[in-house]
Amino acid sequence: MSSRDRILGRVRRALADVRPDGRPYEEVVGRDYLREHGRRTAGETVELLAENLADYRAIVHRSDAEEMPYLVMRLLAERGSQEVLVPPGLPPEWLSAADPVRIHDRAASTPQRLDQVGSVVTGCAVAIAETGTIVLDGSPDQGRRRISLIPDHHICVVRVPDQVVSSVPQALERLDPARPLTWISGPSATSDIELDRVEGVHGPRTLEVILLG
């Protein structure tokens, strides 16, 4: 008898006293769990997002449309970025005051070439307040997944309150599962067995989030 047969035999014995249920899966599995934890106003939801982003070591900024180009210019200058990656659908006014050379998202660009670029600026698909998570889905203002993973510095713009939801279930309702989803909770980080934290291993070492109101 193979290991597979032994495991399946144990499963059959464990299910021997379970009565067959012909109802659809959607009816058998309960979906009455909480969709969000507590009731919040739109403003309170944005504040919770900012708090949890900071807790994950993202750097949070707030801006309006008029100040936005100057904020991006300042962040790129402080970083010392000579080049910035630009998704095809990024609103041009976001970079209208910035000096770095714009490197456009092209299929021909190699990972080695993208690694030489100092920063990337993107929008997002949705931001989740309860988890401090930003989701990218490859839309024109975000570009391909790799451009937000290779550069060491990522500036991500979240339009508030329109792109902010309270919980993961609410975010999933807005997302297309067929698209390339990237879920970001703070800068890329990992730790070894002694819990020594290392940032920038499989994504940007620095994540700056602009809450654009």
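Shown above is the structure to which this text applies.
Every value quoted in this text rests on a predicted model; they were computed, and no experiment measured them.

Participant: Got a minute to help me understand the pattern of salt bridges in this structure?
Facilitator: A pair can form between side chains of opposite charge whenever their charged atoms are brought close. With the rule as written, the count across this model stands at twelve salt bridges. The shortest N-O distance in the salt bridge between arginine 74 and glutamate 78 comes to 3.1 Å. Linking arginine 74 with glutamate 78, this pair stays in helix α4 (residues 68-79), spanning four residues, or about one helical turn. Note on arginine 74: relative accessible area 38%, which makes it partly exposed. By relative accessible area, glutamate 78 is classed as exposed at 56%.

Participant: Would you mind going over a nonpolar patch on the surface with me for this structure?
Facilitator: Together, Ile7, Val11, Leu15 and Val18 line one region of the surface with nonpolar side chains, adding up to about 350 Å² of accessible area. You can see isoleucine 7 is positioned in helix α1 (residues 3-14).

Participant: What is the right way to read the pairing of strand β7 (residues 153-159) from this model?
Facilitator: Looking down a regular strand, the side chains alternate between one sheet face and the other. For β7, the buried fraction is high: six of the seven residues fall into the buried class. Of the pairings in the sheet, the one linking strand β4 (residues 119-122) to β7 comprises four bridges and is parallel in character. Along β7, the bridge assignment pairs valine 120 with histidine 154. Looking at chain direction, β7 and strand β12 (residues 206-212) are connected through seven bridges and run parallel. Bridging from a neighbouring strand, histidine 153 pairs with threonine 206 of β12.

About the criteria used
- Residues numbered from 1 in each chain as written.
- Predicted model: local features only at pLDDT ≥ 70, side-chain atom pairs only at ≥ 80, totals over all residues.
- Heavy atoms only, no water.
- Salt bridge = Lys/Arg side-chain N within 4 Å of Asp/Glu carboxyl O.
- Helix = DSSP H or I, 4+ residues; strand = E, 2+ residues; numbered from the N terminus.
- Buried < 20%, exposed > 50% of the residue type's maximum accessible area, 1.4 Å probe, protein only.
- Patch = residues over 30% accessible without salt bridge, like charges linked within 9 Å, V, L, I, M, F, W, Y side chains within 5 Å.
- Areas by Shrake-Rupley, 256 points an atom, 1.4 Å probe, with all protein chains shown as cover.
- Pairing = 2+ DSSP bridges.

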